Amino acid sequence: MFIDIIKSYDWQTTTKLIYSKTEADVVSALKSQNRSIDDFMALISPAAEPFLEEMAQQSQQITQRRFGKTIQLYVPLYLSNFCENNCVYCGFNTQNKIKRKVLTYEEVKEEVIAISKLGFEHILLVTGEADVKAGADYLKKVFEIIKPHISLISLEVQPLKQEEYSKLISHGLNTVYLYQETYNHERYPKYHIKGKKANYENRINTFEELGRAGVHKMGLGILAGLEDWRTDSFFTALHLNYLKKQYWKTKFSISFPRLRPHTGAFEPNSIMNDKQLAQLIFAYRLFDENVEIAMSTRESATYRDNMLKLGITSMSAESQTNPGGYAHPEENNELEQFSINDDRTAAQIATMIRRNGYEAVWKDWDTYLQQ
Ligand code: SF4
């Protein structure tokens, strides 16, 4: 299990190793045909910063060769903002005195109809983590409502059990995104104070449940702003490497959420600037040509446009981060998890993608052809 692997690493020693990488290590990583985790370490190190242009070029070439000139579009549908956890960086945390709501099945239908009118075929169902309010049975019913309207359903909810994932897969679940937030075991409790999410090992072990359940695709990621992004990204790549070998039929996706303003105050402990995020995206692409790389509306329109051709493969668009935000935005705007940074419509984003010579893909054809 990955938990045993990560326990054999020391955070401080790993950080020192990353920061001790040299120009020669980066040049060697850039020339390599079969990049190792050690090469990835060099590519995310400060020593790689002067090589950003070369990394961008390689990242663009690899991405175009593997994925063509395409960007997949998806939209999040927030089902509930109830949460039993207390993550200090999140507006939904149980301590925040905000209005709470879980969509009724009728409201889910209204939302999905509003979303499908925007053109989306790929929906990401999001909840806070509250088994009682939005558990596996609720999700199964939601799947039944959504399925006639949407061809690809992904989940970003609380960790479930293997048998629950299996049941949802049989009802159309395609992808599960589960973020470890930080791999720093010692500091993890500082950010996750209460609830099931406070259990670091349980969260890491959920990836094994997902793999055993045979999910089509898993999404991994950290929350940039908690611990040193370089060290956290090294451990994410190590985790990715392990999962690829262990669950070789599964596909993988990586996301890089950076902290956004939300209800309640939390100052980022570590800053990842735009250049560093670009470096990380290029490093992942050079490390793994098959991994899908997603960029959400947390990032600004300008930044997303600039990164379009350089390594990413999917983008969210016209996102509302509050339950009920598509069918009744005016009634539900105080329920949001965080403020988005790119508020263009899906049609505007699709036009921008086309103007750049790329195709906006509303449906994952790879999955569609398997059915
Ligand atoms: S990050 Fe997720 S689990 Fe934590 S408080 Fe927010 S919604 Fe709940």
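Predicted model, so just to flag it, every value in this text is computed and none were measured.

Enquirer: Residues and numbers for the pattern of salt bridges, please.
Expert: Counting across every chain of the model gives 17 salt bridges. As a salt-bridge pair, K21 and D38 come within 3.1 Å of each other at their nearest N and O atoms. Of the two residues, K21 sits in the loop between α2 (11–19) and α3 (23–31) while D38 sits in helix α4 (residues 37–43), which places them 17 residues apart along the sequence. Among the residues examined, K21 registers a relative accessible area of 13% and is labelled buried.

Enquirer: Got a sec to walk through the pairing of strand β7 (residues 292–295)? Specific residues and values, please.
Expert: Here β7 shows no split at all, with E292 and A294 on one side and I293 and M295 on the other all buried. Looking at chain direction, strand β6 (residues 251–255) and β7 are connected through three bridges and run parallel. Within β7, the position partnered with I254 by the bridge is I293. In terms of strand pairing, β7 meets strand β8 (residues 314–316) through two bridges, oriented parallel. Directly across from M295, in β8, lies its bridge partner M315. This β-α-β element, β7 to helix α13 (residues 301–307) to β8, shows right-handed connectivity.

Enquirer: Account for the site of the ligand, naming residues and giving values.
Expert: Every residue lining the ligand is accounted for by C83, N85, C87, Y89, C90, F92, N93, G128, E129, K197 and Q337. Partitioned by chemical class, the residues of the shell around the ligand number five nonpolar, four polar and two charged.

Enquirer: Hey, could you go over the environment of Y242 for me, with residue numbers and the actual values?
Expert: Inspection of the secondary structure assignment puts Y242 in helix α11 (residues 229–246). In sequence terms Y242 and M1 are 241 residues apart; their C-alpha atoms lie 8.6 Å from each other. Separated by 2.9 Å, the side chains of Y242 and E208 make a polar contact.

Enquirer: Provide a residue-level description of the packing of helix α5 (residues 52–67) against helix α12 (residues 274–287), including the pertinent values.
Expert: Viewed as axis vectors pointing N to C, α5 and α12 meet at an angle of 50°, and their least axial separation amounts to 9 Å. By the criterion of interaxial angle, the relationship of α5 to α12 is oblique. Note that α5 runs across α12; the crossing there is left-handed. From α5, L52, M55, A56, Q58, S59, I62, T63 and F67 reach across to α12, where they touch K275, Q279, F282, A283, R285 and L286. For the contact of α5 with α12, the per-class residue count stands at eight nonpolar, four polar and two charged.

Enquirer: Tell me about the nonpolar core, residues and numbers included.
Expert: In terms of nonpolar packing, the biggest core is built from 101 residues, with I123, L125, I146, L155 and Y183 touching the most fellow members. Ranked by residue count, the leading element in this core is α12, at nine residues. Filtering out sequence-adjacent residues up to four positions away, Y183 remains in contact with F2, I6, W11, Y200, I204, L220, I222, D232, F235, T236 and H239. By size, the runner-up hydrophobic cluster in this structure holds 16 residues, among which are C87, L124, L226 and A294.

Rules and cut-offs
- Here, residues in each chain are numbered from 1, in the same order as that chain's written sequence.
- Restriction of local features to residues with pLDDT of at least 70 applies here, the model being predicted, together with a cutoff of 80 or more for giving and counting side-chain atom pairs; totals for whole chains, interfaces and linings are based on all residues.
- Computation of side-chain values: all heavy atoms of the structure, hydrogens and water removed.
- Note on definitions: salt bridges are taken to be side-chain nitrogens of Lys or Arg within 4 Å of carboxyl oxygens of Asp or Glu.
- Think of it this way: any DSSP run of H or I at least four residues long counts as a helix, any run of E at least two long counts as a strand, and we number them from the N terminus.
- Residue exposure (1.4 Å probe, protein chains only): buried if accessible area is under 20% of the type maximum, exposed if over 50%, otherwise partly exposed.
- Two strands make a pair as long as DSSP finds a minimum of two bridges between them.
- Orient the strands so they point away from the viewer; a crossover is then right-handed if the path from the first strand over the helix to the second runs clockwise.
- Residue proximity to a molecule or strand is established when one non-hydrogen atom of the residue lies within 4 Å of it.
- Under the scheme applied, nonpolar residues are Ala, Val, Leu, Ile, Met, Phe, Trp, Tyr, Cys and Pro; charged residues are Asp, Glu, Lys and Arg; polar residues are all the others, including Gly.
- We define a polar contact as two N or O atoms separated by no more than 3.5 Å, with the added condition that, inside protein, one atom must be a possible hydrogen donor and the other a possible acceptor, whereas residues neighbouring each other in sequence contribute only through side-chain atom pairs.
- Axis definition: a line fitted to C-alpha atoms, limited for helices to the stretch in contact. Angles are taken between N-to-C directions and run from 0 to 180 degrees.
- Here roughly perpendicular refers to angles of 65 to 115 degrees, roughly parallel to angles under 35, roughly antiparallel to angles over 145, and oblique to all remaining angles.
- Here is the rule for handedness: rotate from the far helix to the near one, and if that takes an anticlockwise turn smaller than a right angle the crossing is left-handed, while a clockwise turn gives right-handed.
- We call two residues in contact when some of their heavy atoms are within 4.5 Å.
- Buried Ala, Val, Leu, Ile, Met, Phe, Trp, Tyr and Cys residues form a nonpolar core when they are joined through side-chain atoms within 4.5 Å.

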